[in-house]
Each structure stands twice: as C-alpha cells, then as structure tokens.
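Observations on the model geometry
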Amino acid sequence: MRALRLLLVVALCGVATLVVVRAAGSPAGDGERTVVVTMRHSRFEPAAVRAEPGERVRFVLRNTDPIDHEFILGDDGVQRRHEQGREREHHGEVPGERSVAAGQEAVTTYAFPASLDGRALEFACHLPGHYAYGMRGKVTVQSAA
Ligand SMILES: [Cu+2]
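Quick caveat: nothing in here was measured; it's all calculated off a predicted structure.

Turning our eyes to something else, we now look at unusual backbone geometry. Here Glu-45 and Pro-46 are connected by a cis peptide whose omega angle stands at 0°. With respect to the helices and strands, Pro-46 occurs in the loop between β2 (43-45) and β3 (48-51). Positive phi, normally seen in glycine, also occurs at His-41, with a value near 55°. Residue His-41 is classed as exposed on the basis of its relative accessible area of 58%. Its identity is not glycine, yet Ser-42 carries a phi of approximately 55°, on the positive side. In this fold, Ser-42 is placed in the loop between β1 (32-40) and β2. Look at Ser-42 and you get buried, because its relative accessible area is 12%.

Here is the structure:
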C-alpha cells in the first residue's frame, strides 16, 4: 500500500512537471512567447532554442545554483565584449541581458528582428570562467517550415 501511494505521488509529480513545461512553452496571448531557461550546474537548460523571425520571446531565467550567473543574448561581438569587459551587473537596462543571483529568477524580453532569419544568436554567462566551462547556448532564428 505504501509503495502504491509512493508510485501515485511520483506519477502526479510527473504530470505536474509536464503541465508546467507545456505552459512555459505556450504563447502568452499578447504576441509574446515564454521560454524558461534553467541555470543548473553552470549550464543552460535548454541550450538550444528556436525563435521565429520578428518574434518577441520572454525568457524566464531560473538560477538553481548556489552561485550567481547571468544571461547575455547577442551576436559574437556582444559575447566578446562581455567576455573581455568588466561589466558585471545587468538589471534589465538592455534587452536580453540579465544578472541572476544565486537561487533567484529574472526575466528579460527580446525581440528577434526579422532580418535575423536563418542566423543564430548565442546566450552565455560571462562571469569569470563560466563561458569557458561551457555556460552557453544558441537561439536559431528560423521560420517554421
Ligand atoms: Cu554563470
């Protein structure tokens, strides 16, 4: 009986997770889509995201690590500037750039220009050593066929 109850709890948790994931990927109804990106063990999950040209994406950034991270979205030039620069705090002044303190959540909304069709942008964390460790991901901008 105990085992059955445990099994039921596990099954319900699975359903709840599925519902959360589906809701996170669904349109917000105001022309924005929400994508949840989790920062775990100094990696981004998912590390690959697709966006429509011209689409506005609301990134919900969840840092589950006990250390600070950041989410910097942009082209190679943006990534290089942040990797070499001393800018360490991002509180929403620039779309696609957010600091996320340990155990916290932050949001940034980014509009992918239609001109990016067929190209990709990178998102990364440039706190010392994180980029080299592999804390990066990619947004491919492409129309659904
Ligand atoms: Cu980081």
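Additional details are given in the paragraphs that follow.
In this section: the nonpolar core. Core analysis: the biggest nonpolar cluster contains 23 residues, and Phe-44, Phe-59, Phe-71, Leu-73, Phe-112, Phe-123 and Val-139 have the highest contact counts within it. Once you skip the residues sitting within four places of it in the chain, Phe-112 turns out to touch Ala-51, Glu-52, Pro-53, Gly-54, Glu-55, Val-57, Phe-59, Leu-73, Leu-121, Val-139 and Val-141.

A word on the coordination of the copper ion. Every protein donor of the copper ion is listed here as His-69 (ND1), Cys-125 (SG), His-130 (ND1) and Met-135 (SD), and their distances to the metal cover 2.0 to 2.7 Å. The class for Met-135 is buried, based on a relative accessible area of 0%.

This part is about the sheet that holds strand β6 (residues 97-100). With mixed pairing, five strands are arranged side by side in an open sheet as β3-β9-β8-β5-β6. Each edge of the open sheet carries a strand with a single partner, namely β3 and β6. Pairs of neighbouring strands in the sheet enclose a mean axial angle of 20°, with direction left out of account. Here five bridges tie strand β8 (residues 120-124) to strand β9 (residues 136-141), and the two strands are oriented antiparallel to one another. Following the sheet pairing, Leu-121 is matched in β9 by Val-139.

Each value, and the rule that gives it
- Residues numbered from 1 in each chain as written.
- Predicted model: local features only at pLDDT ≥ 70, side-chain atom pairs only at ≥ 80, totals over all residues.
- Heavy atoms only, no water.
- Helix = DSSP H or I, 4+ residues; strand = E, 2+ residues; numbered from the N terminus.
- Buried < 20%, exposed > 50% of the residue type's maximum accessible area, 1.4 Å probe, protein only.
- Core = buried A, V, L, I, M, F, W, Y, C linked by side-chain atoms within 4.5 Å.
- Contact = heavy atoms within 4.5 Å.
- Donors = N, O, S within 2.8 Å, 3.2 Å for Na, K, Ca; no water.
- Pairing = 2+ DSSP bridges.
- Axes fitted to C-alpha atoms, helices over the stretch in contact; angles between N-to-C directions.

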